[in-house]
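# Secondary and tertiary structure notes
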Amino acid sequence: MRHVIALDVGGTGMKAALVGPDHELLYEARRPTGRDRGPDAVVAGILDFAAELRAVGRQRYGRQAEAAGVAVPGIVDDANGIAVYAANLGWRDVPLRDLLSERLGRVPVALGHDVRTGGLAEGRIGAGRGADRFLFVPLGTGIAGAIGMDGRIEAGAHGYAGEIGHIVVRPGGLVCGCGGRGCLETIASASAVSRAWAEASGDTGADAADCARAVAAGDATARAVWQEAVDALADGLVTGLTLLDPRTLIIGGGLAEAGETLFAPLRAAVAERITFQRLPGIVPAALGDTAGCLGAGLLAWDLLTAEATGLTAEAAGTASAPADGTPAPRPTLPTPSPESTEVSA
C-alpha cells in the first residue's frame, strides 16, 4: 500500500505514523522527545524515529514511504525547510527537511509548524471539513491559532499568522512569555486556568481539569475563575472573527476537553459581544492528539501532488513563501519566545 511518514514533534513527546492516501493511520508509535539530552540528541532522535517508520513500512507493505511530513514547535521556516528556533527543544536553524530527506533515502519531505499543521488536519478532515474559512484555536499551555482558507493554512508574510494567544485582552495585565502584558494566553490558556484555580482553591496541585469539574459540580469560586477565562477568550475570539470572518471557530486543546462546560458559556459570551459580525459556528476539535500526525501526513501527500502536477508547494497549500515566489524572510528571533504548542491541561 502507498504510504507516507508523518511525525509530530512536541516539547516532551513525539508521535509518528504511517499515513495512507485516504488519510488513514496505518501504523502509530510514540516516544519521548528526549530534550533533557540537548538539541543535537533531539534531532538525532527524530531522524532515528523516521528511519524506524521507513523500516516498518517496508516490512508491512513491501515498499518505501513515498514522502514524509514533520510538524515541529517554535518558529518554522517551512518554505526553506528550517526549524528556526524552539525554546522548549533548544535548537536554532536546524535544516530538518534536508536532514530527514537524506536519512530517508532522498524522499521529498515537508516541514510545518505544529499548530498550523494540526489546523490543516482539522480543517480538511476534522471539525472544519467543508468550511471555506475557519480559525483553529488550541487552548493548552499557551494559546496559538491557525487560519484556514480554502483548504490551506495561512502562515503570513513572516510565519507569525494566527498567534491569537498574543492579542492583548487585558492591557497592563500579567506579563506574558512574549514580553507583553495582558495577552490572551495569560488568562485563558489551560496553564493560566490551572494557576488561577490552584490559587483560588488553595490546592497547589489543582489544574484546569479540576476547575472544570468543580464548575460542573456548581462550585461558585470555580465558576468565577472559569468565567474570567471564558470572558477573556471571548474577547480574543471576537477580535479574531472581526478580522477574519471565519465560517467556523474550532476550539481544541486541554480546555476543550471540558465539553459544554466550556462551550456553552463561550458561545453565549461571543454572541453577547458581536454587533455587525456574523456569528460563526463554535465547535470542538474532532481529531484530538492525532491532528498533528494527520496534518503532517497531509503535508507529505500535498508535496507529492505538487511534484506530480508541477505546482509550487505554495499552490498546494504547504508553504508560506510570498506569492511572487521569493523566499520568506527569516524571522527575527523573539526574546523570550512565545511558544504555545502543548495542548493538554
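In this report, the structure presented in the accompanying data block is examined.

Parameters at a glance
Residues numbered from 1 in each chain as written. Predicted model: local features only at pLDDT ≥ 70, side-chain atom pairs only at ≥ 80, totals over all residues. Heavy atoms only, no water. Helix = DSSP H or I, 4+ residues; strand = E, 2+ residues; numbered from the N terminus. Buried < 20%, exposed > 50% of the residue type's maximum accessible area, 1.4 Å probe, protein only. Contact = heavy atoms within 4.5 Å. Areas by Shrake-Rupley, 256 points an atom, 1.4 Å probe, with all protein chains shown as cover. Polar contact = N/O pair within 3.5 Å; in protein donor to acceptor, adjacent residues only side chain to side chain. Pairing = 2+ DSSP bridges. Axes fitted to C-alpha atoms, helices over the stretch in contact; angles between N-to-C directions. Salt bridge = Lys/Arg side-chain N within 4 Å of Asp/Glu carboxyl O. Expected span 1.5 Å × (residues − 1). Phe/Tyr/Trp six-rings, centres within 6.5 Å; stacked < 30°, edge-to-face > 60°. Lys NZ or Arg CZ within 6 Å of the ring centre and 35° of its normal. Core = buried A, V, L, I, M, F, W, Y, C linked by side-chain atoms within 4.5 Å.

Right, let's get into the overall build of the protein. Of regular secondary structure, the protein possesses nine helices and 13 strands. Taking all 345 residues of the protein together, the buried fraction comes to 54%. Residue pairs in contact within the protein that sit at least 24 positions apart in sequence constitute 64% of those at least 6 positions apart. Per element, the accessible surface of the protein, about 14300 Å² overall, is 51% carbon and sulfur.

Let us look at the side chain of Thr33. Summarising the element assignment, Thr33 is placed in the loop between strand S3 (25-32) and helix H1 (39-61). Among the polar contacts made by the side chain of Thr33, one reaches the main-chain amide nitrogen of Gly13 at a distance of 3.0 Å. In this structure, Thr33 is in contact with Val9, Gly10, Gly11, Thr12, Gly13, Met14, Val42 and Leu89, ignoring residues within four places of it in sequence.

The sheet built from five strands is open, its strands ordered S3-S2-S1-S4-S8 with mixed pairing. Of all the strands in the sheet, just S3 and strand S8 (109-113) have a single pairing partner and so form its edges. With strand direction ignored, the average angle separating the axes of adjacent strands in the sheet is 15 degrees. Relative to S8, strand S4 (residues 68-72) runs parallel, the two sharing five bridges. When the sheet's bridge partners are listed, Ala71 is paired in S8 with Gly112. Contacting strand S1 (4-9), S4 and S8, helix H2 (residues 96-103) crosses the sheet at an angle of about 145 degrees to S8. Strands in contact with helix H9 (residues 291-309) are S1, strand S2 (13-19), S3, S4 and S8; relative to S1, the strand with the most contacts, it is inclined by about 135 degrees.

As a further point, take the pattern of salt bridges. Using the criterion set out here, one finds 17 salt bridges in the structure. Measuring nitrogen to oxygen at the nearest pair gives 2.5 Å for the salt bridge that ties Glu102 to Arg106. Here Asp210 and Arg213 are joined by a salt bridge, their closest N and O atoms 2.5 Å apart. Pair noted here: Asp210 and Arg213 are both in helix H6 (residues 208-216), with a separation of three residues, about one helical turn. Overall, the relative accessible area of 54% leaves Arg213 in the exposed class. A single network of salt bridges, built from pairs that share partners, joins Arg170, Asp231, Asp235 and Arg273.

The next thing to look at is the sheet that holds strand S10 (residues 146-149). An order of S11-S10-S9-S12-S13 is seen for the five strands of this open sheet, with the pairing classed as mixed. Of all strands in the sheet, those bounded by a partner on one side alone are strand S11 (152-154) and strand S13 (281-284). Neighbour-to-neighbour, the strand axes of this sheet turn through a mean angle of 30 degrees, independent of strand direction. Here five bridges tie strand S9 (residues 133-138) to strand S12 (residues 248-252), and the two strands are oriented parallel to one another. Within S12, the residue paired with Phe134 across the bridge is Thr248. Running at roughly 130 degrees to S9, helix H3 (residues 114-125) makes contact with S9, S10, S11 and S12 of the sheet. The sheet contacts of helix H8 (residues 260-273) involve S12 and S13, and relative to S13 the element is tilted by about 160 degrees.

Right, let's talk about the pairing of S12 for a bit. Among the five residues that make up S12, five are buried, leaving the element largely enclosed by the rest of the structure. The two faces of S12 match: Thr248, Ile250 and Gly252 on one face and Leu249 and Ile251 on the other face are all buried. Of the strand pairs in this sheet, S12 and S13 are connected by four bridges, and their pairing is parallel. When the bridges of S13 are listed, Ile251 appears paired with Pro284.

As a further point, take helix H5 (residues 190-201). Compared with the 16 Å implied by 1.5 Å per residue over 12 residues, the 16 Å span of H5 between its first and last C-alpha is a close match. For H5, the full list of buried residues reads Ala190, Ala192, Val193, Ser194, Trp197 and Ala198. Where H5 ends, the next residue or the one after it, Gly202, has phi of about 80 degrees, a positive value.

Take the packing of aromatic side chains next. Counted under the stated rule, the structure contains zero aromatic pairs. In this structure, Arg31 is placed above the aromatic ring of Phe49, and the distance from its NZ or CZ to the ring centre is 4.3 Å.

One finds Trp226, Leu237, Ile251, Leu266 and Val270 to be the most contacted residues of the largest nonpolar core, which totals 42 residues. In terms of residue count, the dominant contributor to this core is helix H7 (residues 220-244) (11 residues). Excluding residues that lie within four positions of it along the chain, Leu266 makes contacts with Val230, Leu233, Ala234, Leu237, Ile251 and Ile282. Within the second largest apolar cluster, 32 residues are counted, among which are Val42, Ile46, Val70 and Val72.

With that settled, consider the environment of Lys15. Residue position: Lys15 is located in strand S2. When the C-alpha positions of Lys15 and Arg30 are compared, they lie 4.5 Å apart, and in sequence the two are 15 residues distant. The residues contacting Lys15, other than those within four sequence positions of it, are Ala6, Leu7, Asp8, Ala29, Arg30, Phe49, Asp289 and Cys293.

The next thing to look at is unusual backbone geometry. Notably, Asp93 is not glycine yet its phi reads approximately 50 degrees, a positive angle. When you line up the elements, Asp93 lands in strand S7 (residues 91-94). Here the phi dihedral of Arg106 falls at roughly 70 degrees; this positive angle occurs in a residue that is not glycine. Turning to its location among the elements, Arg106 is positioned in the loop between H2 and S8.

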